[in-house]
Amino acid sequence: APTAPNPTAAGSGRNATERFAQKQRSAAEVDHARVSAIATDALSALHEVIREHQVTYDEYDALKAWLIRVGEDGEWPLFLDVWIEHVVEEVANASREGTTGSIEGPYYIPGSPEFRSEATLPMREDEKGTPFLFQGTVTDLEGEPIEDARVELWHADADGYYSQFAPGIPEWNLRGTIRTGPDGRFAFHTVRPAPYQIPTDGSCGALIAAAGWHPWRPAHLHLKVSAPGKQLITTQLYFEGGSHVEDDVAQAVKPELILRPTPAASGTGEEVTYDFALDPA
Ligand code: MBD
Ligand code: FE
């Protein structure tokens, strides 16, 4: 069973590591030539950095200690998704014509509560944050609406915490799945998330502090959108003018992914429309 969530780096890190281990299927067949080519080039790149910067034994030992600590903190999913995943995503989605993708990050949980067409995300009675209506249409590349598309949405709360990775938050808080109706439309009633801060008390936080970087991701929505016969797209959406939209620590912001919400027609909070176009499978 997953460890009880806890706000420390080791707490959320351990949960992310356990979640990843659960979703990871048994290893695929090994292509020795490809492993050799990639591993050789990765190691050569690192050797070149050592020469370029004249890395010392003290620095080499600091690296060893830090790598050991990343594992102890369970922060490998966080480290990889913050500093590496954006390039994997760039390569994976280079030839798509539909909606732009972005990284998944470490806090996705499959199987969130399902709704049809329009729903309020599971949230606490006194959930903090600006009420926010996020709606749109799922289409194919020709703009034809897709019925029964799945739109999965998960995001941090107004304090920047994710359910199942921080303590005291109901299990499916701010996580939900909508199946589109015949018109391809979906509408989520939620609240605006806060920016996300990488835990400062763990190994990733230690790297950030030692390098003099900042630990922030801009406020964001995470999405997975899919339909039969179409490619699933994983992406994120951001808010125009929000802090760190220009300098996301995870380098996962793209111009097409920035929302411009307006005051809601209902008179409470804000709303925005964003449409998704799915590539054929
Ligand atoms: C997040 O919320 C996130 O989306 C990513 C990519 C990395 C760390 C925290
Ligand atoms: Fe996130």
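Each remark here, short or long, concerns the structure printed above.
**Focus on the nonpolar core**
Ranked by size, the top nonpolar core spans 53 residues in total, and within it Phe134, Val138, Leu221, Leu223, Leu237, Leu259 and Phe276 carry the most contacts. Once residues within four sequence positions are removed from consideration, leucine 221 is found in contact with Phe132, Phe134, Leu153, Trp154, His155, Pro193, Thr235, Gln236, Leu237, Phe239 and Leu259.

**As for helix α3 (residues 57-73)**
Because an α-helix completes one turn every 3.6 residues, residues spaced three or four positions apart along the sequence face the same direction. With 17 residues, α3 should cover 24 Å at 1.5 Å per step; its first-to-last C-alpha distance of 24 Å lies within 8% of that length. Burial in α3 covers these residues: Trp66, Val70 and Asp73. Along the axis of α3, the buried residues cluster in a sector spanning 75°; they form a single face. Those residues of α3 that are exposed and aimed more than 90 degrees away from the buried face are Tyr57, Ile68 and Glu72. Where α3 is buried, its residues touch α1 (9-23), α4 (76-83) and α6 (203-211). Note on α3: the residue one or two positions beyond its end, glycine 74, has a positive phi of about 70°.

**Quick notes on the packing of aromatic side chains**
Under the defined criterion, the tally for this structure stands at 15 aromatic pairs. When the ring of tryptophan 66 is compared with that of phenylalanine 79, the centres are 5.4 Å apart and the planes differ by 75°; the resulting orientation is edge-to-face. Of this pair, tryptophan 66 sits in helix α3 while phenylalanine 79 sits in helix α4, and the two are 13 residues apart along the sequence. Under the relative-accessibility criterion, tryptophan 66 is labelled buried at 16%.

**Notes on the side chain of serine 163**
With respect to the helices, strands and loops of the structure, serine 163 is situated in the loop between β4 (150-155) and β5 (175-179). Sequence-distant contacts of serine 163, that is, excluding residues within four places in its chain, are made with Ile169, Pro170, Glu171, Trp172, Asn173 and Arg175.

**Some remarks on the packing of α4 against α6**
Closest axis-to-axis distance for the α4/α6 pair is 9 Å, and the angle between their directions is 45°. With respect to each other, α4 and α6 are oriented oblique. Across from Leu78, Phe79 and Trp83 in α4, the residues of α6 making contact are Cys204, Leu207 and Ile208.

**Observations regarding the pairing of strand β13 (residues 270-273)**
In this structure, strand β3 (residues 131-140) lies alongside β13, joined through four bridges in parallel fashion. Paired with glutamine 135 across the bridge in β13 is threonine 273. Pairing between strand β12 (residues 262-263) and β13: two bridges, direction antiparallel. Bridge assignment links proline 263 to a residue of β13, and that residue is glutamate 270. Linking two consecutive strands that pair antiparallel, namely β12 and β13, is a turn of six residues; a positive phi of about 95° is found at glycine 267 within it.

**Topic: the site of ligand 1**
As a matter of local geometry, ligand 1 sits amid Leu78, Val82, Ile103, Gly105, Pro106, Tyr107, Tyr162, Tyr196, Arg217, His220 and His222. Here tyrosine 162 contributes a side-chain N or O atom positioned 2.9 Å from an oxygen atom of ligand 1. Here arginine 217 contributes a side-chain N or O atom positioned 2.9 Å from an oxygen atom of ligand 1. Every element with two or more residues in the shell around ligand 1 is listed here: α4 and β9 (220-226). For the shell around ligand 1, the per-class residue count stands at seven nonpolar, three polar and one charged.

What counts as what
Residues numbered from 1 in each chain as written. Chains lettered and ligands numbered in written order. Predicted model: local features only at pLDDT ≥ 70, side-chain atom pairs only at ≥ 80, totals over all residues. Heavy atoms only, no water. Core = buried A, V, L, I, M, F, W, Y, C linked by side-chain atoms within 4.5 Å. Buried < 20%, exposed > 50% of the residue type's maximum accessible area, 1.4 Å probe, protein only. Contact = heavy atoms within 4.5 Å. Helix = DSSP H or I, 4+ residues; strand = E, 2+ residues; numbered from the N terminus. Expected span 1.5 Å × (residues − 1). Arc of directions from axis to C-beta. Phe/Tyr/Trp six-rings, centres within 6.5 Å; stacked < 30°, edge-to-face > 60°. Axes fitted to C-alpha atoms, helices over the stretch in contact; angles between N-to-C directions. Parallel < 35°, antiparallel > 145°, perpendicular 65-115°, else oblique. Pairing = 2+ DSSP bridges. Near = heavy atom within 4 Å. Polar contact = N/O pair within 3.5 Å; in protein donor to acceptor, adjacent residues only side chain to side chain. Nonpolar A, V, L, I, M, F, W, Y, C, P; charged D, E, K, R; others polar.

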